[in-house]
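# Fold and geometry: a report
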Amino acid sequence: MIDVIIPAYNAHKTIERTLYSIAYQRNSENLNVYIINDNSIKDYSKEIDFFKNFINIRELKLKENSGPGYARQYGIEHSDSEYIIFIDSDDAFATPLSLITLENAIKTSNSDVVVSAFIEEKIKDEFIFYDNDPIALHGKIYKRKFIEKNKIKFPYFYAEEDNAFNHLVFLNNPIKKIIQDKTYIWMNNEKSLTRNENYKQNSILNYSKAMLYALENGFENKVQSNFLARLAYEALITIYYGLDYYNKNNETIKNAKKIKKIYDDNITEITSEEKIEILEYKIKCANNDGYIYNVLDPLMTFYDFLAKVEREG
């Protein structure tokens, strides 16, 4: 059986499409669907009453609005199937074969996580294809035993909680299978929480919180030091490229200092080749995402940045 967990906050205009995409699944009899009502203005009884004729579905209500991280974690802790899949309340599974494809892949490979491709659908019929994305929850299926054994939990953040969760998953060195099938459609809602201007202005702060959460939890659970070192180095590079030094957030600097300590404690695990590989990847990401703000301070090298973090954090 598979638990399909849907965090929902005032999602009544979009969730019907999401639920139709679940009801159409060829393995719908193997699904337990949970709508985690994050204190919406009204419940989802209307949707439950309709779709209960097609799928095993229930609503779990939260007493106060707590964000998608808390809602997903609540869903994990109040469900018990062997496998877990997440879907947002304004997204959809790509085809009626999406979940049986993920189910077959994780069972036949005996993997802890399967990563499939997904599609971003933007307005005006614009589509972007993502392959082997390590951050988003989209198009992934997780083995519950692996999640519970390694004490992997969502942080109670309103942003970047998926980034923190998946980095923590991969820090624990899961058996992973990558498939090319497109199983998920991400509806890019420009008005959503993660797309508003305030979020964009705080993206590096949110990122630093997520990476610190993953690293501290990984360190506490004694994951391999070379995995910690790689992620810490990657996080510092990303913060370096994304930080606006003229409007820097003190909390971001403090988080970077804590990340640097984890990096320093494991620095011998990083080879020069690994550093170059990570650097090239992050430069590519920075250029693609347009977050190289430190061009405003071109004389600051990465090592000057690390020294600045040490002084100001």
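The rules behind each value
- Residues numbered from 1 in each chain as written.
- Predicted model: local features only at pLDDT ≥ 70, side-chain atom pairs only at ≥ 80, totals over all residues.
- Heavy atoms only, no water.
- Helix = DSSP H or I, 4+ residues; strand = E, 2+ residues; numbered from the N terminus.
- Buried < 20%, exposed > 50% of the residue type's maximum accessible area, 1.4 Å probe, protein only.
- Contact = heavy atoms within 4.5 Å.
- Salt bridge = Lys/Arg side-chain N within 4 Å of Asp/Glu carboxyl O.
- Phe/Tyr/Trp six-rings, centres within 6.5 Å; stacked < 30°, edge-to-face > 60°.
- Polar contact = N/O pair within 3.5 Å; in protein donor to acceptor, adjacent residues only side chain to side chain.
- Axes fitted to C-alpha atoms, helices over the stretch in contact; angles between N-to-C directions.
- Parallel < 35°, antiparallel > 145°, perpendicular 65-115°, else oblique.
- Nonpolar A, V, L, I, M, F, W, Y, C, P; charged D, E, K, R; others polar.
- Core = buried A, V, L, I, M, F, W, Y, C linked by side-chain atoms within 4.5 Å.

## Brief notes about the side chain of Lys260
As for its position among the elements, Lys260 is in helix α10 (residues 250-265). Of the residues examined, Lys260 reaches a relative accessible area of 12% and is grouped as buried. Once you skip the residues sitting within four places of it in the chain, Lys260 turns out to touch Leu236, Leu306 and Glu310.

## A short note on the pattern of salt bridges
Overall, the coordinates contain 15 salt bridges when judged by the stated rule. Close ionic contact of Asp88 with Arg72 constitutes a salt bridge, the shortest N to O distance being 2.8 Å. Taken together, the residues Asp88 in the loop between β4 (83-86) and β5 (92-93) and Arg72 in helix α3 (residues 68-77) connect sequence positions 16 residues apart. A single network of salt bridges, built from pairs that share partners, joins Asp3, Arg144 and Glu148.

## Digging into the packing of aromatic side chains
Working definition: an aromatic ring pair is given by the centre-to-centre distance plus the angle between the planes. The tally for this structure, following the rule as stated, stands at 23 aromatic pairs. On the basis of an interplanar angle of 85 degrees and a centroid distance of 4.9 Å, the ring pair of Phe50 and Phe51 is categorised as edge-to-face. Of the residues examined, Phe50 reaches a relative accessible area of 39% and is grouped as partly exposed. With relative accessibility at 2%, the residue Phe51 sits in the buried group. Taking the centre distance of 5.5 Å and the plane angle of 45 degrees together, the rings of Tyr233 and Tyr263 count as tilted. Residue Tyr233 is located in helix α9 (residues 225-242), and its partner Tyr263 is located in helix α10; the two are separated by 30 residues in the primary sequence. Of the two residues, Tyr233 and Tyr263, neither departs from the other in class, the shared state being buried. Taken together, Tyr233, Tyr240, Tyr241, Tyr263, Phe302, Tyr303 and Phe305 form an aromatic cluster joined through their ring pairs.

## A word on the environment of Ile185
Residue position: Ile185 is located in strand β9 (residues 176-187). Aside from chain neighbours lying at most four places away, what touches Ile185 is Arg17, Asp91, Ala92, Ala94, Ile119 and Glu121.

## As for the side chain of Asp38
Take Asp38: it is sitting in the loop between β2 (31-37) and α2 (45-51). A polar contact of 2.9 Å, which involves the side chain of Asp38, links it to the backbone nitrogen of Gly67. Asp38 has contacts with Ala8, Tyr9, Leu62, Glu64, Asn65, Ser66, Gly67 and Pro68, leaving out every residue within four places of it along the chain.

## Considering unusual backbone geometry
Residue Asn132 is not a glycine yet carries a positive backbone phi of 60 degrees. Structurally, the position occupied by Asn132 is in the loop between β7 (126-130) and β8 (140-143). The residue Lys151 is not glycine, and still its phi comes out positive at about 55 degrees. Within the element layout of this structure, Lys151 appears in the loop between α5 (144-149) and α6 (161-171).

## Concerning the packing of α10 against helix α12 (residues 302-312)
It is at 9 Å that the axes of α10 and α12 come closest, and there the two elements cross at 110 degrees. Between α10 and α12, the interaxial angle falls into the category roughly perpendicular. Mapping the contact onto sequence places Ile253, Ala256, Lys257 and Lys260 in α10 and Leu306, Val309, Glu310 and Glu312 in α12. Grouping the amino acids of the contact of α10 with α12 by side-chain chemistry returns 4 nonpolar, no polar and 4 charged.

## Some details on the nonpolar core
Of all hydrophobic cores here, the largest spans 57 residues; its most connected members are Phe86, Tyr142, Phe165, Ile259, Phe302 and Phe305. In terms of residue count, the dominant contributor to this core is α9 (11 residues). Excluding its chain neighbours within four sequence positions, the residues that come into contact with Ile259 are Ser208, Met211, Leu212, Leu215, Ala232, Ala235, Leu236 and Ile239. Among the nonpolar cores identified, the runner-up in size contains 32 residues, and Ile15, Ile35, Tyr83 and Tyr184 belong to it.

## Remarks on helix α1 (residues 15-23)
Taken residue by residue, α1 has Ile15, Thr18, Leu19, Ser21, Ile22 and Ala23 as its buried positions. In this structure, the buried residues of α1 make contact with β1 (2-8), β2, α2, β3 (56-61) and β5.

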